[in-house]
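Given next are the chains, with one letter for each unit.
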Amino acid sequence: MPPVLSQQTIKRPVSFSGVGLHSGNRVNMTLVPAPAGHGIRFRRVDLEARPEIEARIENVVDTQRSTTLGKGSVRIHTVEHVLAALSGCGVDNVVVELDANEPPIADGSAREYVKLIHAAGLQPQDAPRQPYAVNEPLALQMGDTFMHLVPAPEFKISCTSADQAGRYTQFFSLVVTPESWERELAHARTFCFFEEIEFLIKNGLIKGGSLENAVVIRDDAVLTTEPLRYPDEFVRHKMLDIVGDLALLGRPILGHLVAVRPSHAANCELVRQLDARCRRGSVPAFAPPPPARETPAQPPPPHDPVLDACALDISEIMKLIPHRYPFLLVDRIALLENERIVGIKNVTINEPFFQGHFPGHPIFPGVLQLEAIAQVAGVLMRKRFADKPQIAYFMSAEEVKWRKPVLPGDTLVIEVDLVKARGKVGKARGVCKVRGEVVSEAVVTFMLMDA
């Protein structure tokens with residue numbers, strides 16, 4: 001069957017009720033059609049303002065035994081089975097409404113969700129699907145987990161699963177299409193080993209768990225209310241989880257994933273690395289080849305003179321604020337006016353925090369971008385009150401948003417505008433940009449104190 005080239009949603013709202021795995025409470029879930037480009041979002045209809053969380057990797061807050069999305073204080077647990085069903089069936093845009101903090105677990109597989117999608121029907125949309133074609137290998141190792149993604153013309157998973165003792169080692173390989181997904185993976189149920197149950201119960205992780213929605217392995221026995229649905233059901237469920245977690249990229253993948261003992265943590269880390277590649281401008285699969293040179297080449301974009309300007313150099317900055325290596329996060333002041341200042345931070349791979357944030361996937365921490373805004377704002381306040389030595393103390397931050405990752409080699413342009421200054425207390429709006437695009441922003445409040 002040829003691949004689906006256009007985005008899809010569902011034709012009508014459909015609902016399903018059941019028990020939540022974590023809480024054991026009754027949960028109602030409704031799938032609602034969404035417009036093209038909307039993506040998959042979870043909506044908490046039980047909370048005031050009905051907050052939504054996009055099913056994107058940047059919203060993953062926990063991967064212990066399941067994948068949890070979060071934004072602020074709102075959480076949605078165990079999203080991987082619903083995401084697997086939507087992704088496997090080819091649904092790009094939908095709202096998942098919930099009246100609790102997790103979808104109903106159903107029978108521990110994605111079977112009931114697939115039935116729900118069939119009942120709703122698929123609706124093609126007037127917008128192209130934008131798959132990500134893997135154009136170079138990507139390898140990842142986390143403990144005993146190994147994942148290797150290589151170029152391929154379709155989405156294929158080859159997976160080996162086993163417990164720490166090497167029991168129930170299973171292997172399965174599949175080119176994933178809507179037909180093969182439903183036939184070979186969607187019915188595989190979640191499973192756990194008997195010795196894990198005490199920990200899960202003590203930590204309140206399976207209040208709704210039972211043999212109705214999970215397979216339990218005890219020594220050489222398999223405890224289940226029905227025969228295994230596949231002879232290798234355990235590895236197939238691991239592949240079901242992979243399909244769900246990889247949906248957090250927000251676009252289909254064309255590539256062959258070889259996974260050994262996968263986990264939610266490793267699945268999500270793989271998506272983070274793919275997302276970073278996408279943001280660096282990898283060519284999507286649907287893009288046509290470059291045209292022949294029939295038209296003159298476009299001139300390069302104009303150079304931003306701010307990148308060359310210098311109102312204060314690093315020695316002058318260090319006379320105004322007390323920060324020093326490794327916590328001085330502005331290299332130069334390019335523009336300095338009475339109520340506006342622009343700082344420059346050159347991000348290099350030598351930054352000490354890249355050793356742990358993250359190994360093999362360096363990203364400039366968002367909290368340090370916030371700190372850079374505060375430091376640049378502090379320079380502005382110190383220049384306004386330069387009559388005697390003072391220190392600008394960072395007091396609060398509001399309206400903080402991180403929009404895109406900042407990577408080694410980027411030049412961070414930090415623009416700060418003074419919003420209010422009363423006595424020695426100031427409030428400023430700061431924006432961090434890379435190549436003209438906003439990557440983070442915040443409103444910060446600070447106070448000058450005698451040094």
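Cut-offs and rules
- Residues numbered from 1 in each chain as written.
- Predicted model: local features only at pLDDT ≥ 70, side-chain atom pairs only at ≥ 80, totals over all residues.
- Heavy atoms only, no water.
- Helix = DSSP H or I, 4+ residues; strand = E, 2+ residues; numbered from the N terminus.
- Buried < 20%, exposed > 50% of the residue type's maximum accessible area, 1.4 Å probe, protein only.
- Contact = heavy atoms within 4.5 Å.
- Pairing = 2+ DSSP bridges.
- Axes fitted to C-alpha atoms, helices over the stretch in contact; angles between N-to-C directions.
- Expected span 1.5 Å × (residues − 1).
- Polar contact = N/O pair within 3.5 Å; in protein donor to acceptor, adjacent residues only side chain to side chain.
- Phe/Tyr/Trp six-rings, centres within 6.5 Å; stacked < 30°, edge-to-face > 60°.
- Patch = residues over 30% accessible without salt bridge, like charges linked within 9 Å, V, L, I, M, F, W, Y side chains within 5 Å.
- Areas by Shrake-Rupley, 256 points an atom, 1.4 Å probe, with all protein chains shown as cover.
- Salt bridge = Lys/Arg side-chain N within 4 Å of Asp/Glu carboxyl O.
- pLDDT = per-residue confidence, 0-100.
- UniProt positions renumbered as here; feature names shortened; annotations may be inferred.

Student: How do you make sense of unusual backbone geometry when you look at a structure like this?
Tutor: For residues besides glycine, phi is generally negative; the peptide bonds are generally trans as well. Omega for the bond connecting Tyr325 with Pro326 falls within 30 degrees of zero, at 5°, which places this linkage in the cis form. Residue position: Pro326 is located in the loop between helix H7 (314-320) and strand S20 (332-336). Look at Ala49: it is not a glycine, yet its phi comes out positive at around 75°. Using a relative accessible area of 75% as the deciding quantity, one classes Ala49 as exposed. The backbone of Ala106 sits at a positive phi, close to 55°, despite the residue not being glycine. Mapping Ala106 onto the fold places it in the loop between strand S9 (94-98) and helix H2 (111-120).

Student: In this structure, what is going on with the environment of Val134? I would like to understand it.
Tutor: Its location among the elements puts Val134 in the loop between strand S11 (132-133) and strand S12 (138-142). In sequence terms Val134 and Glu154 are 20 residues apart; their C-alpha atoms lie 10.0 Å from each other. In this structure Val134 touches Leu149, Val150, Pro151, Ile253, Leu254, Gly255 and Arg277, once residues within four positions along its chain are discounted.

Student: How should the sheet that holds strand S5 (residues 52-54) be read in this particular structure?
Tutor: Through backbone hydrogen bonds, the strands of a sheet pair up, either in parallel or in antiparallel fashion. Strand order in the open sheet formed by five strands is S2-S3-S9-S4-S5, and the pairing between neighbours is mixed. The open sheet has two edge strands with one neighbour each: strand S2 (14-19) and S5. Across this sheet, the average inter-strand angle for adjacent strands is 20°, counted without regard to direction. Bridging between strand S4 (residues 40-44) and S9 involves five bridges; their strand directions are parallel. When the bridges of S9 are listed, Arg44 appears paired with Leu98. With respect to the sheet, helix H1 (residues 80-89) is in contact with strand S3 (26-33), S4 and S9, its orientation differing from that of S4 by roughly 140°. Here H2 sits on the sheet in contact with S2 and S3, set at roughly 160° to S2.

Student: What is the right way to look at helix H5 (residues 233-246) in this model?
Tutor: Helical geometry: 3.6 residues make up each α-helical turn, so side chains three or four residues apart lie on a common side. A rise of 1.5 Å per residue sets the reference length of H5, with its 14 residues, at 20 Å; its end C-alpha atoms lie 20 Å apart and thus fit the reference within 8%. For H5, the tally of buried residues reaches 13 of 14 residues, placing the bulk of the element in the interior.

Student: Explanation requested: the side chain of Thr9 in the structure shown.
Tutor: With respect to the element layout, Thr9 can be found in strand S1 (residues 6-10). The class for Thr9 is buried, based on a relative accessible area of 5%. Among the polar contacts made by the side chain of Thr9, one reaches the main-chain carbonyl oxygen of Asn93 at a distance of 2.6 Å. Residues in contact with Thr9, not counting those within four places in the same chain, are Pro33, Ala34, Val91, Asn93, Gly121, Leu122, Gln123 and Gln125.

Student: I tried to follow the packing of aromatic side chains on my own but got confused; where do I start?
Tutor: The way to describe two aromatic rings as a pair is by their centre distance and the angle between their planes. For the structure on display, the rule yields three aromatic pairs. Consider the rings of Phe353 and Phe354, whose centres lie 4.9 Å apart with planes at 75°: the pair is edge-to-face. In terms of burial, Phe353 and Phe354 fall into one category: buried. Among the residues examined, Phe353 registers a relative accessible area of 16% and is labelled buried.

Student: Explain a nonpolar patch on the surface to me, please; I cannot follow it from the model alone.
Tutor: Where nonpolar side chains cluster on the molecular surface, the patch consists of Val367, Val400 and Trp402 and spans about 280 Å² of accessible area. Locating Val400 in the fold gives a position in strand S22 (residues 390-402).

Student: Could you clarify how one ought to interpret the confidence of the model for the protein chain in this entry?
Tutor: Low-pLDDT portions of the prediction should not be read for the details of their coordinates. Summary statistics for the protein chain give a mean pLDDT of 86 and a share of 86% for residues scoring 70 or more. Low confidence marks residues 282-295, where pLDDT is under 50. Its contacts with residues over four positions away, or in another chain, come to 11 contacts.

Student: Mind showing me how you'd approach the UniProt feature "binding site: Zn(2+)" (unreviewed entry) in the protein chain here?
Tutor: With numbering aligned to this structure, UniProt lists the feature "binding site: Zn(2+)" (unreviewed entry) at His81, His237 and Asp241. In three dimensions, the annotated residues from a span of 161 residues occupy one location, with a maximal C-alpha spread of 9.6 Å. As for its position among the elements, His81 is in helix H1. Filtering out sequence-adjacent residues up to four positions away, His81 remains in contact with Ile105, Gly108, Ser109, Ala110, Tyr113, Thr190, His237, Leu240 and Asp241. Following the sequence through the fold, Asp241 ends up in helix H5. Contacts of Asp241, omitting those with residues within four sequence positions, involve Glu80, His81, His264 and Asn267.

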